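Chain by chain, the residues:
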Amino acid sequence: MTRKTYISILFFFVCFALIFSCKKDPVNKVVVTPPDDSIPETTAFIPPVIKDFRAFPTDPANQMTVQGIALGRKLFFDPILSGDSSLSCAGCHKQENSFSDPRSRSIGIDHLPGKRNAMALVNLAWYQNKFFWDGRVNTLREQAATPIEAADEMHLPLAVAEQRLQNHLEYVNMFWKAFGTRTITKDLITKAIEQFERTLISFNAPYDKYNRGEGSLSASELRGLVIFNTEKGDCFHCHTTPELFVHPSKIFSNNGMDAATTIYDFTDAGVGAITHDTSDYGKFKIPTLRNLAYTAPYMHDARFATLDEVIDSYNLGPKISPTVDPILIEKAQTRLQRTGIWGLNLSQQDHDDLKAFLLTLSDPDFVH
Ligand code: HEC
Ligand code: HEC
């Protein structure tokens, strides 16, 4: 081999190695020149004032701006945050389903099913800082980091996510505009996503319009509202607040769907698996009842495909387990003494009315 051929071959291999290495996630290689260096001005997000809703809860640790929200929205819909760039947050949290997943179990990029059903994302700003069915994280920004890294979800180390975004001029500019820095960190990624999630506000359901005097409910829907808000249906003990239809202070509950002799008999230990407190086994986050028309299947394990099944199950009365909500047992015992029946004893008409009312909490504006 002549010296010239030798050099040519060497050159060929160096080029090949260079091209090949570019296919992997590049490590901070691209130098980005910002188009304009002036200090960015942010526009504060003005939360809507909604009649009957408590004031929009602000978070001093993450002040919302129009620029931060725009960035968060882009990140939420961008599959760049998954290992093989195929799955975004919105891939499981679908807007037409009120940002829930119509599949019983979500499927991650490695074709692994998740453990539970993906819940709707709606009016999250009013939640009391406990997220997931078992409340294992305290803030939305802390939450946002978990699906990105989770092996059964987007499966991308956050350090790689930072570098990927850093290599996109558009993102560098958006972080600059939102946070006044061109250094993209996981802290800022998750803060932007949190800002966007807090803007997923639903307040135009027929029930809201009725409350504001802008619309009316049918006779059946109104009867359902009474069942919901009285001892007849007993729903209001846990599904209370107007923003979410969850309890104002009780975050988790065991709503008596499963019988269990000991706390170790629950198929899913729920909050108990996180806190290891014996009184938490079998408890789950009380979910919002907003947008139920779009969020089937229901419950943490998606056991019910329809609202009829949900109502039938509550109608049977609570099943006994060590942690079943005492309010359910107390009410069931009173009914038993009074009528000889453990369950709610709803007639078919009551069932239909309650269902009609539940559907008035669905907001078509929100899913389109
Ligand atoms: C593979 C499907 C999948 C992807 C992708 C996904 N999620 Fe989720 N999400 C779920 C599931 C399943 C749950 C419920 C898990 C649990 O409670 O154990 C959930 C729960 C949540 C919750 C909790 C809501 C509440 O009320 O407690 C939030 C917020 C959320 N996801 C936001 C996001 C964000 C932001 C992203 C993108 C960074 C994302 N999700 C990506 C499936 C997914
Ligand atoms: C003692 C508290 C409590 C009471 C009372 C209660 N619920 Fe619930 N509800 C819960 C909890 C906790 C869950 C979630 C349980 C799970 O995922 O396993 C839930 C889930 C639901 C869901 C499923 C929502 C979803 O997105 O998956 C619906 C619908 C529902 N409840 C409607 C009702 C109705 C209607 C009533 C009255 C007949 C009622 N609830 C009474 C605590 C309660």
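Summary of the structure given here. (Residues numbered from 1 in each chain as written. Chains lettered and ligands numbered in written order. Predicted model: local features only at pLDDT ≥ 70, side-chain atom pairs only at ≥ 80, totals over all residues. Heavy atoms only, no water.)

### Here's the deal with the coordination of the iron atom of ligand 2
Listed as protein donors to the iron atom of ligand 2 are His239 (NE2) and Tyr314 (OH); their distances from the metal cover 1.9 to 2.1 Å. One can describe the site at the iron atom of ligand 2 as octahedral: its six donor atoms subtend angles covering 86 to 179 degrees at the metal. Of the two residues, His239 is situated in the loop between α9 (219-229) and β1 (252-253) and Tyr314 in helix α11 (residues 307-315); the sequence distance between them amounts to 75 residues. Since its relative accessible area comes to 10%, His239 is described here as buried. (Donors = N, O, S within 2.8 Å, 3.2 Å for Na, K, Ca; no water. Tetrahedral: all angles 85-135°; square planar, octahedral: opposite > 155°, others 65-115°. Helix = DSSP H or I, 4+ residues; strand = E, 2+ residues; numbered from the N terminus. Buried < 20%, exposed > 50% of the residue type's maximum accessible area, 1.4 Å probe, protein only.)

### Digging into the coordination of the iron atom of ligand 1
For the iron atom of ligand 1, the protein supplies a single donor, His93 (NE2), at a distance of 2.0 Å. Counting through the fold element by element, His93 comes out in the loop between α3 (89-92) and α4 (140-149).

### Thoughts on the nonpolar core
Across soluble globular proteins, nonpolar side chains show a tendency to be buried alongside one another. Ranked by size, the top nonpolar core spans 55 residues in total, and within it Leu71, Leu75, Leu81, Trp126, Leu165, Tyr171 and Phe175 carry the most contacts. Taken domain by domain, this core gets at least three of its residues from each of domain 1 (48-198) and domain 2 (206-367). The contacts of Leu81, once residues within four sequence positions are left out, are Leu75, Ile148, Met154, Leu156, Ala161, Leu165 and Ile193. By size, the runner-up hydrophobic cluster in this structure holds 22 residues, among which are Leu289, Ile311, Leu358 and Leu361. (Core = buried A, V, L, I, M, F, W, Y, C linked by side-chain atoms within 4.5 Å. Domains from an automatic or database assignment. Contact = heavy atoms within 4.5 Å.)

### Things to note about the environment of Val226
As for its placement among the helices and strands, Val226 is situated in helix α9. Owing to a relative accessible area of 48%, Val226 belongs among the partly exposed residues under this scheme. With 127 residues separating them along the chain, Val226 and Asp353 place their C-alpha atoms 9.4 Å apart.

### Overview of the site of ligand 2
With respect to spatial proximity, 24 residues lie near ligand 2, and among them Cys235, Cys238, His239, His300 and Tyr314 are the closest. In the environment of ligand 2, a nitrogen atom lies 2.8 Å from a nitrogen or oxygen atom belonging to the side chain of His239. Taking Met299, its main chain carries an N or O atom lying 2.7 Å from an oxygen atom of ligand 2. Put simply, the parts of the chain that give the shell around ligand 2 at least two residues each are β2 (284-285), α11 and α12 (326-339). The dominant element in the shell around ligand 2, judged by the number of residues it contributes, is α11, at three residues. In the shell around ligand 2, the residues fall into 16 nonpolar, five polar and three charged. (Near = heavy atom within 4 Å. Polar contact = N/O pair within 3.5 Å; in protein donor to acceptor, adjacent residues only side chain to side chain. Nonpolar A, V, L, I, M, F, W, Y, C, P; charged D, E, K, R; others polar.)

### Here we look at the pattern of salt bridges
Side chains bearing opposite charge may pair, as long as their charged atoms lie close to each other. Taken as a whole, this structure holds 19 salt bridges when the rule is applied. Linking Lys331 and Glu231 is a salt bridge whose minimum nitrogen-to-oxygen distance equals 2.7 Å. In this pair, Lys331 is assigned in helix α12 and Glu231 in the loop between α9 and β1, connecting sequence segments 100 residues apart. The structure contains a network of salt bridges with shared partners spanning Arg116, Asp134, Arg136 and Asp268. (Salt bridge = Lys/Arg side-chain N within 4 Å of Asp/Glu carboxyl O.)

### Structural notes on the site of ligand 1
Taken together, 29 residues surround ligand 1, and among them Cys89, Cys92, His93, Phe132 and Trp133 come closest. Between ligand 1 and Arg136 there is a distance of 3.1 Å, counted from an oxygen atom to a side-chain nitrogen or oxygen. Within the contact set of ligand 1, an oxygen atom lies 2.9 Å away from a side-chain nitrogen or oxygen of Lys285. Breaking the shell around ligand 1 down by element, the ones donating at least two residues are α3, α4 and α7 (186-198).

### A closer look at unusual backbone geometry
Put simply, Ala296 and Pro297 share a cis peptide bond, and its omega is -5 degrees. Take Pro297: it is sitting in the loop between β2 and α11. For Ser85, which is not glycine, the phi torsion reads 55 degrees and is therefore positive. Residue position: Ser85 is located in the loop between α2 (66-77) and α3. Its relative accessible area of 40% is what places Ser85 among the partly exposed residues. Located in the positive-phi region is Ser98, a residue other than glycine, with phi close to 55 degrees. In this fold, Ser98 is placed in the loop between α3 and α4.

### Things to note about α2
In this model α2 runs 17 Å from its N-terminal to its C-terminal C-alpha over twelve residues, within 8% of the 16 Å that 1.5 Å per residue would give. Within α2, burial applies to Gln67, Gly68, Ile69, Leu71, Gly72, Leu75 and Phe76. Buried residues belonging to α2 abut α3, α5 (158-166), α6 (169-179) and α7. (Expected span 1.5 Å × (residues − 1).)

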